[in-house]
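# Survey of secondary and tertiary structure
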Amino acid sequence: MPSDRDLISDVLVRRLREARYVVALTGAGMSAESGVPTFRDAQEGLWARYSPEQLATPEAFAADPALVWGWYDWRRQLALSVRPHAGHRALVEVARRVPRFALFTQNVDDLHEQAGLAAVVHLHGSLHAPRCGTCGRAADVAALPPAPSREPGRIEPPRCLACGGRLRPGVVWFGEPLPAEALQAAMQAAGECDLFLSVGTSSLVYPAAGLPGVASRAGACVVQVNPAPTALDAVADFNLAGPAGVLLPRLVEAAWGAGPGPPRA
Ligand code: OAD
């Protein structure tokens, strides 16, 4: 059995060092080591414990706004309590080292920003950007009442200060389109990069799951970091089988000889 370190081949290291434009796509596994549950992992995944049909669709919110708002507010509070890990910092280091870098995330937390990445594109929205479900006005997140407990509970959504409509979570639900600008930027970046890094995503949810294929068809080297087999295994040129918090720092160290620096204040 090769160790994780053995999986970072010289060829991969050279591809990374020589890359002119690196594009990263992250999913729930990127946040897992910070303490944010993934969606599809068999035991702890959110969709093993909660129903996406009851919580993550516009119809669910219309049917039971308090249930849906309470669940997302619980997740928002959780996201406020977590901190980035060495893998997030390693991606900041990649961004510093290569001529051009872009990061697209399916995650609705702000761990990449906390780690120090300036331009993070959120394909599935953000827990920290609720808005009015009627007029679309952004809500003042600082003014939201704190969630009552560690478990999700029912909370009536606060009202919009402008029109009185119900606030809704700022995430993309199943059945909703991704933010058009973000998706267009991601498609363009995938088509232009020479190294595409997919980290911690099951590669099952489209359109984000289609991005590595776009990159591969355009000639980019596709690198996957994930401890489990995924739909991307057959497409990726390099499959690094292990956790992001371990393998991304090793990749950076192998490429540039130094681990990522300390967390930024
Ligand atoms: P998933 O839960 O589908 O997949 C998480 C992936 O992370 C799995 O392939 C795990 O093997 C992997 N993983 C777990 N721990 C890891 C670690 N420490 N390091 C690296 N990888 C690890 O999450 P996503 O692919 O992000 O959408 O899911 C995509 C979308 O489906 C989400 O954005 C969400 C969900 O339903 C919406 O809510 C609209």
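Residue positions are given per chain, counting from 1 as you read along its sequence in written order. Per-residue local features are limited, in this predicted model, to residues with pLDDT of at least 70; the limit for side-chain atom pairs, both in listing and counting, is 80 or more; totals at the level of whole chains, interfaces and linings are taken over all residues. To get the side-chain values, take all heavy atoms of the structure and skip hydrogens and water.

The strands making up a sheet associate through hydrogen bonds between their backbones, and the pairing can be parallel or antiparallel. For two strands to pair, DSSP has to find at least two bridges joining them. Runs of E in the DSSP output that reach at least two residues are strands. Runs of H or I that reach at least four are helices, and both are numbered from the N terminus. As summarised here, the arrangement of the six strands in space is E3-E2-E1-E6-E7-E8, forming an open sheet in which the pairing is parallel. One side of each edge strand has no neighbouring strand; the edge strands of this open sheet are strand E3 (120-122) and strand E8 (238-240). Strand-to-strand twist of the sheet, defined as the mean angle between neighbouring strand axes without regard to direction, takes the value 20 degrees. The pairing of strand E6 (residues 195-199) with strand E7 (residues 221-225) spans five bridges and is classified as parallel. Its bridge partner being in E7, leucine 195 is matched across the sheet by cysteine 221. In the packing of helix H10 (residues 180-192) onto the sheet, the strands contacted are strand E1 (21-26), strand E2 (100-105), E3 and E6, and the crossing angle to E2 comes to about 135 degrees. Convention adopted: a line fitted to C-alpha atoms gives each axis, helices being fitted over their contacting stretch, and angles between N-to-C directions are expressed from 0 to 180 degrees. Contacts between residues were defined by any pair of non-hydrogen atoms, one from each residue, lying within 4.5 Å.

This brings us to the packing of helix H8 (residues 86-97) against helix H12 (residues 244-256). Each pair of packed helices can be described by the angle between their axes along with the distance between the axes. Contact geometry of H8 with H12 gives a least axis separation of 7 Å together with a crossing angle of 30 degrees. Taken together, the axes of H8 and H12 lie roughly parallel to each other. As for the relative orientation of H8 and H12, their crossing is left-handed in sense. Between H8 and H12, the contacting residues are Ala86, Gly87, Ala90, Leu91, Glu93, Val94 and Arg97 on the first element and Ala244, Gly245, Leu248, Pro249, Val252 and Trp256 on the second. Oblique is the label for any angle not under 35 degrees, not over 145, and not in the 65 to 115 range, which are roughly parallel, roughly antiparallel and roughly perpendicular in turn. Helix crossings fall into two classes, left-handed where the near helix is turned counterclockwise from the far one by less than a right angle and right-handed where it is turned clockwise.

Attention now goes to the nonpolar core. Counting residues in hydrophobic clusters, the biggest one holds 33 residues, and the most contacted among them are Leu197 and Leu248. Elements with a contribution of two residues or more to this core: helix H2 (10-18), E1, H8, E2, E6, E7, E8 and H12. In terms of residue count, the dominant contributor to this core is H12 (seven residues). Beyond its immediate sequence surroundings of up to four residues, leucine 197 is in contact with Val23, Ala24, Leu25, Leu91, Val223, Val225 and Leu248. Take the buried residues of types Ala, Val, Leu, Ile, Met, Phe, Trp, Tyr and Cys, join any two whose side-chain atoms come within 4.5 Å, and each joined set is a nonpolar core. A 1.4 Å probe rolled over the protein chains alone gives each residue an accessible area, and that area as a share of the maximum for its type sets the label: buried under 20%, exposed over 50%, partly exposed in between. In this structure, Leu123, Ala182, Ala186 and Leu211 belong to the second largest nonpolar core, which totals 21 residues.

Contact geometry for H2 and H12: axes closest at 9 Å, N-to-C directions at 75 degrees. Our classification of the angle between H2 and H12 gives roughly perpendicular. In this structure, H2 uses Leu12, Val13, Leu16 and Arg17 to contact H12, whose residues at the interface are Leu251, Ala254, Ala255 and Trp256. Classifying every residue of the contact of H2 with H12 by side-chain character gives seven nonpolar, no polar and one charged. Note on residue categories: nonpolar means Ala, Val, Leu, Ile, Met, Phe, Trp, Tyr, Cys or Pro, charged means Asp, Glu, Lys or Arg, and polar means any other residue, Gly included.

Of all five residues in E6, five are buried, a share of seventy percent or more. The alternating pattern of E6 places Leu195, Leu197 and Val199 on one face and Phe196 and Ser198 on the opposite face, and all of these are buried. With its strands directed away from the observer, a crossover is right-handed exactly when the path from the first strand over the helix to the second travels clockwise. For the crossover that starts at E6, traverses helix H11 (residues 211-217) and ends in the parallel E7, the hand is right-handed.

What follows concerns the packing of aromatic side chains. Only rings of Phe, Tyr and Trp enter the pairing, Trp through its six-membered ring, and a pair is recorded when the two centres are within 6.5 Å. The plane angle decides the type: under 30 degrees is stacked, over 60 is edge-to-face, the rest tilted. Applying the stated criterion to the full structure yields nine aromatic pairs. Between phenylalanine 61 and tryptophan 173, the ring centres sit 5.3 Å apart and the planes meet at 40 degrees, which makes this aromatic pair tilted. Here tryptophan 173 lies in the loop between strand E5 (167-168) and H10 and phenylalanine 61 lies in helix H6 (residues 58-63), a separation of 112 residues in the sequence. Comparing phenylalanine 61 with tryptophan 173 shows no difference in burial state: the two are buried. Whether a charge sits over a ring depends on NZ of Lys or CZ of Arg being within 6 Å of the ring centre and within 35 degrees of the ring normal. Across from the ring centre of tyrosine 21, 3.9 Å away, lies the NZ or CZ of arginine 100, which sits over that ring. Across from the ring centre of tryptophan 173, 4.0 Å away, lies the NZ or CZ of arginine 168, which sits over that ring.

With an omega of 10 degrees, the peptide bond between tyrosine 206 and proline 207 qualifies as cis. Unlike most non-glycine residues, serine 203 shows phi in positive territory, near 60 degrees. Structurally, serine 203 can be placed in the loop between E6 and H11. Residue classification places serine 203 among the buried positions, given a relative accessible area of 7%.

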